[in-house]
Amino acid sequence: MGYDLKMRIWRGDQSGGDLGDYTVEVSEGEVVLDALHRVQATQAGDLAIRWNCKAGKCGSCSAEINGRPRLLCMTRLSDFEPTETITVTPMRTFPVIRDLVTDVSFNYEKAKELPYAELPPRDPDGKRRMAQIDVERGQEFRKCIECFLCQDTCHVVRDHEENKPAFAGPRFFLRYAELDMHPLDTHDRRALAQGAAGLGMCNITKCCTEVCPEGIKITDNAIIPMKERVVDRKYDPLVWLGNKIGIRNKDYDGRTEV
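Residues numbered from 1 in each chain as written. Predicted model: local features only at pLDDT ≥ 70, side-chain atom pairs only at ≥ 80, totals over all residues. Heavy atoms only, no water.

### A word on the overall build of the protein chain
What counts, and what does not: We count a stretch as a helix when DSSP gives it H or I for four or more residues in a row; a strand needs E for two or more, and each element gets its number in order from the N terminus. Relative accessibility under 20% of the residue-type maximum defines a buried residue, over 50% an exposed one, and the middle range a partly exposed one, all with a 1.4 Å probe and only protein chains included. Residue contacts are counted whenever heavy atoms from the two residues lie within 4.5 Å of one another. All accessible areas in this document rest on Shrake-Rupley with a 1.4 Å probe, and a residue is counted as covered only by the protein chains that are shown.
Helix and strand content of the protein chain: 10 helices and nine strands. The buried share of the protein chain, reckoned over its 258 residues, is 43%. Of the contacts formed within the protein chain by residues at least 6 apart in sequence, a portion of 60% connects residues at least 24 apart. Accessible surface computed for the protein chain: about 13,800 Å², of which carbon and sulfur atoms make up 50%.

Structure (structure tokens):
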């Protein structure tokens, strides 16, 4: 059964903009992206929307719906009352290009700062082996579709633009954790996570976990374990004592202490 949906859609570009009011006919079972496409087809042919798969796997159609970061293709109209006005705005943390499309290149620049995996030599038969239980530890993190909703909702950068140079954000803390938990990776990223990536600026409010469309427990399974590993390495009294009595130990950046 169809009905007339009232929408408010942000229209504009980097120089500014405002919300526009639209009424569009929708049908049962549709998602917000369907409604936007119908507005685009019938009323606003120049409406800019970024999307690709419409299956919640490409991460392209990220926006804010009634103020909450969500995927347009995974937000069902049935989540709202038929009489409710749905407001769609671009992700607030990133610069607007036009309408609902934002410039997310900040995330790609942060990705360049993260050291790739450093693997040990292969076994004599040319293979590398690791236990299945170790593989499973990081499997959850590989579900990330890079929608950047976690980045958008993180108040460390959402409310403080000046933090961006020193803060990588939850998507990349997830990646740090994934690589740090890799059973064969030999690179120690803990100093980098704490320093250049700004791990210590995260105060674990779990807002990133709440908006993740893949249900990844970003805070509990990635950020908190990384914080614990940094603290253990830096403040563990046994490590401190070992250094004091002359046991050789590697510092964060890989240098050898005597």
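### Here we look at the side chain of Asp34
Where we set the bar: Polar contacts, as counted here, are pairs of nitrogen or oxygen atoms within 3.5 Å of one another; within protein the pair requires one atom able to donate a hydrogen and one able to accept it, and residues that are adjacent in sequence qualify only if both atoms are side-chain atoms.
Structurally, Asp34 is set in helix α1 (residues 32-42). Within polar-contact distance, the side chain of Asp34 engages the side chain of Lys54 at 2.5 Å.

### With respect to the environment of Gly195
Inspection of the secondary structure puts Gly195 in the loop between α7 (190-194) and α8 (207-211). Using a relative accessible area of 46% as the deciding quantity, one classes Gly195 as partly exposed. For Gly195 and Ala166, which are 29 residues apart along the polypeptide, the C-alpha to C-alpha distance reads 8.1 Å.

### As for the packing of aromatic side chains
To describe a pair of aromatic rings, one takes the distance between the centres and the angle between the planes. Test applied: Only Phe, Tyr and Trp rings take part, Trp by its six-membered ring, and two of them pair if their centres are within 6.5 Å. Stacked means planes under 30 degrees apart, edge-to-face means over 60, and tilted covers everything else. When the NZ atom of lysine or the CZ atom of arginine is within 6 Å of a ring's centre and also within 35 degrees of its normal, the charge is said to sit over that ring.
Applying the stated criterion across every chain, the model contains three aromatic pairs. Centre to centre, the rings of Phe94 and Phe106 are 6.4 Å apart; their planes meet at 40 degrees, and the pair counts as tilted. On the criterion of sequence distance, the pair formed by Phe94 in the loop between β5 (86-89) and β6 (96-98) and Phe106 in helix α2 (residues 105-112) is long-range, its members being 12 residues apart. Each of the two residues, Phe94 as well as Phe106, counts as buried. With 5.9 Å between their ring centres and 80 degrees between their planes, Tyr108 and Phe148 make a pair best called edge-to-face. Of this pair, Tyr108 sits in helix α2 while Phe148 sits in the loop between α3 (132-137) and α4 (149-153); the two residues are 40 residues apart in sequence, bridging distant segments of the chain. The ring centre of Phe172 lies 5.5 Å from the NZ or CZ of Arg171, which sits over that ring.

### Quick word on the nonpolar core
Put simply, the rule reads: Take the buried Ala, Val, Leu, Ile, Met, Phe, Trp, Tyr and Cys residues and link them wherever side-chain atoms come within 4.5 Å; each set so joined is a nonpolar core.
Counting 35 residues, the largest nonpolar core has Met7, Val32, Leu36, Leu72 and Val88 as the members making the most contacts within it. Look past the residues within four positions of Val88 in its chain and what remains in contact with it is Met7, Arg8, Ile9, Trp10, Leu19, Val32, Leu36, Ala63, Glu64, Leu72 and Leu100. By size, the runner-up hydrophobic cluster in this structure holds 27 residues, among which are Phe172, Phe173, Leu179 and Cys212.

### Things to note about α2
For clarity, the cut-off: What the arc measures is the spread of directions leading from the helix axis to the C-beta atoms.
Where α2 is concerned, the buried positions are Phe106, Asn107 and Lys110. The buried residues of α2 occupy an angular sector of 95 degrees when the element is viewed end-on, so they sit on one face. Looking at the buried positions of α2, the neighbouring elements they touch are α4 and α6 (170-180).

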